[in-house]
Amino acid sequence: MNTLLSDNGFTNSVIVCEGGERRQDSVRQGLERLGDCDLVVVHDGARPFITSELLDRGISMASLTGAATAAVPVKDTIKESDEEGVVVRTIPRDRLWSVQTPQIFRTSLLRKAHSLVQDIVTDDASMVEAIGHPVKLFFGSYSNIKITTPEDLAIADAIMNRRANTSREHGFDVHPLVQGRALVLGGITIPFEKGLAGHSDGDGLIHAVIDAILGAAALGDIGTHFPPGDDRYKGVASGKLLHITLELLRSNRWRVTFVDATILAERPIPEAPHGQHTRVARRHITTDRRLRKRQGDNNRRFGIYRAR
Ligand SMILES: Nc1ccn([C@@H]2O[C@H](COP(=O)(O)O)[C@@H](O)[C@H]2O)c(=O)n1
Ligand SMILES: C[C@@]1(CO)OP(=O)(O)OP(=O)(O)OC[C@H]1O
């Protein structure tokens, strides 16, 4: 758990503690480890679509009332049955709510509820209700689902896709072809009589990709991070710079899902050995949105190699 937090750039102090047998035991373990604070927010790890707006709404409400829980109006008709599955009654739904987390409480109130209530409950609000303190409902979100059964995963997928915060940027780079240098493009050495000039290995394809990535994440540009002329980057394999860039990206909680790169060459260049560019891309691009495309007419003056 600690590795997961640090890998994803969470630098706040997070105390990880073991859960208990029942949900309420897990919450109590957390409460025991918590220091002094006015309010405590209890949230199900199984509800990953909480938003800061939802949290703010709940905190404002609990600051006024001492206890508040997210909830959404029930959409289905709710019926109660007997043991044989026969309907006993239909409950009017105009006052029914489907209760979610976050649930927010004055810390002293929740501690008191946990020390007094021994019954098995399914949420913390029930404990606070049981000791006679009113719990105010605030509007949660129909997207704040609890992932419980396999079909919830498909719904979660759809919510995630709708929410994806994507950013795109272009990058480009120009290097002259000169004698006496290896031709490196996309981290692959291509047998050719000339190579690209540069302070680094001159891999303009990787430089353009780095620039696009940094630009999309608003993290500056290649020159800011790897200043031209700096001795550390003399002859450097640009793949190393890409690696550093991707680390920076990860620590800022971005990831690359799609890269489309085109090489325009002054004259046709030989194709990289079959499949190598695709393999390089596969190592760095984290979704299945990888396509392969090749375009070009080697009889013209410009050779174009396109790798996705
Ligand atoms: N021993 C347990 C059991 C459950 N939890 C967490 O509670 C959340 C939802 O539980 P439901 O009973 O409402 O499905 C979920 O995030 C579980 O991880 C727990 O912490 N300890
Ligand atoms: C990575 C760097 C480092 O000197 O590579 P160069 O080979 O100088 O290539 P260029 O694309 O002109 O500028 C990027 C530089 O920051």
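Refer to the preceding data block for the structure.
First, a word on scope: everything that follows refers to the structure included in this document.

Cut-off values and rules
Residues numbered from 1 in each chain as written. Chains lettered and ligands numbered in written order. Predicted model: local features only at pLDDT ≥ 70, side-chain atom pairs only at ≥ 80, totals over all residues. Heavy atoms only, no water. Pairing = 2+ DSSP bridges. Helix = DSSP H or I, 4+ residues; strand = E, 2+ residues; numbered from the N terminus. Near = heavy atom within 4 Å. Polar contact = N/O pair within 3.5 Å; in protein donor to acceptor, adjacent residues only side chain to side chain. Nonpolar A, V, L, I, M, F, W, Y, C, P; charged D, E, K, R; others polar. Patch = residues over 30% accessible without salt bridge, like charges linked within 9 Å, V, L, I, M, F, W, Y side chains within 5 Å. Areas by Shrake-Rupley, 256 points an atom, 1.4 Å probe, with all protein chains shown as cover. Salt bridge = Lys/Arg side-chain N within 4 Å of Asp/Glu carboxyl O. Axes fitted to C-alpha atoms, helices over the stretch in contact; angles between N-to-C directions. Contact = heavy atoms within 4.5 Å. Phe/Tyr/Trp six-rings, centres within 6.5 Å; stacked < 30°, edge-to-face > 60°. Lys NZ or Arg CZ within 6 Å of the ring centre and 35° of its normal. Parallel < 35°, antiparallel > 145°, perpendicular 65-115°, else oblique. Left-handed = near helix turned anticlockwise from the far one by under 90°.

1. Brief notes about the pairing of strand S4 (residues 87–91)
Working note: regular strand, side chains alternate between the two faces of the sheet.
No. 1: Of the pairings in the sheet, the one linking strand S3 (residues 78–81) to S4 comprises four bridges and is antiparallel in character. Looking at S4, one finds that Ile78 is bridged to Ile91.
No. 2: Hairpin connection between S3 and S4: a loop of five residues separates the two successive antiparallel strands, and Gly85 in this loop has a positive phi of roughly 80 degrees.

2. Thoughts on the site of ligand 2
No. 1: Inspection of the region around ligand 2 gives Asp173, His175, Gly198, His199, Ser200, His207, Ile222, Phe226, Pro228, Gly229 and Leu241 as its neighbouring residues.
No. 2: Take Asp173: an N or O atom from its side chain is 2.7 Å from an oxygen atom of ligand 2.
No. 3: At a separation of 3.0 Å, an oxygen atom of ligand 2 approaches a polar backbone atom of His199.
No. 4: When its residues are assigned to classes, the shell around ligand 2 shows four nonpolar, six polar and one charged.

3. Digging into a nonpolar patch on the surface
No. 1: A surface patch of nonpolar side chains, about 440 Å² in accessible area, is lined by Trp97, Val99, Leu137, Phe139 and Tyr142.
No. 2: Looking at the nonpolar patch, the elements with two or more residues in it are strand S5 (97–106) and strand S6 (136–139).
No. 3: In this fold, Val99 is placed in strand S5.

4. A word on the sheet that holds strand S1 (residues 39–42)
No. 1: Taking strand neighbours across the sheet as the criterion, the four strands line up as S1-S5-S2-S6 in an open arrangement whose pairing is mixed. Taken across any chain shown, the strands that pair with only one partner, and hence form the sheet edges, are S1 and S6. Each adjacent strand pair in this sheet contributes to an overall mean axis angle of 30 degrees, direction not counted.
No. 2: Here strand S2 (residues 67–73) pairs with S5 via six bridges, running antiparallel. In the sheet register, Thr69 faces S5, and the bridge partner there is Gln103.
No. 3: Sheet contacts for helix H4 (residues 107–116): S1, S2 and S5; angle to S5, the most-contacted strand, approximately 110 degrees.

5. Quick look at the packing of aromatic side chains
No. 1: Within this structure, the stated rule accounts for two aromatic pairs.
No. 2: Positioned over the ring face of Tyr142 is Lys75, at 4.0 Å from the centre of the ring.

6. Considering the packing of helix H2 (residues 23–33) against H4
No. 1: It is the contact of H2 with H4, at a shortest axis distance of 11 Å, that shows an interaxial angle of 130 degrees. As summarised for this structure, H2 and H4 are arranged oblique, according to the angle between their axes. When the axes of H2 and H4 are compared, the crossing they make is left-handed. Between H2, through Gln24, Val27, Arg28 and Leu31, and H4, the contact on the second element is made entirely by Leu110, Arg111 and His114.
No. 2: When the residues that make up the contact of H2 with H4 are grouped by side-chain class, the tally is three nonpolar, two polar and two charged.

7. Looking at the side chain of Thr69
No. 1: In this structure, Thr69 sits in strand S2.
No. 2: For Thr69, the side chain forms a polar contact with the main-chain oxygen of Gln100, separated by 3.0 Å.
No. 3: Not counting residues within four places of it along the chain, the set of residues in contact with Thr69 comprises Val99, Gln100, Pro102, Gln103, Val135, Lys136, Leu137 and Phe138.

So yeah, pure geometry; function would need other evidence.
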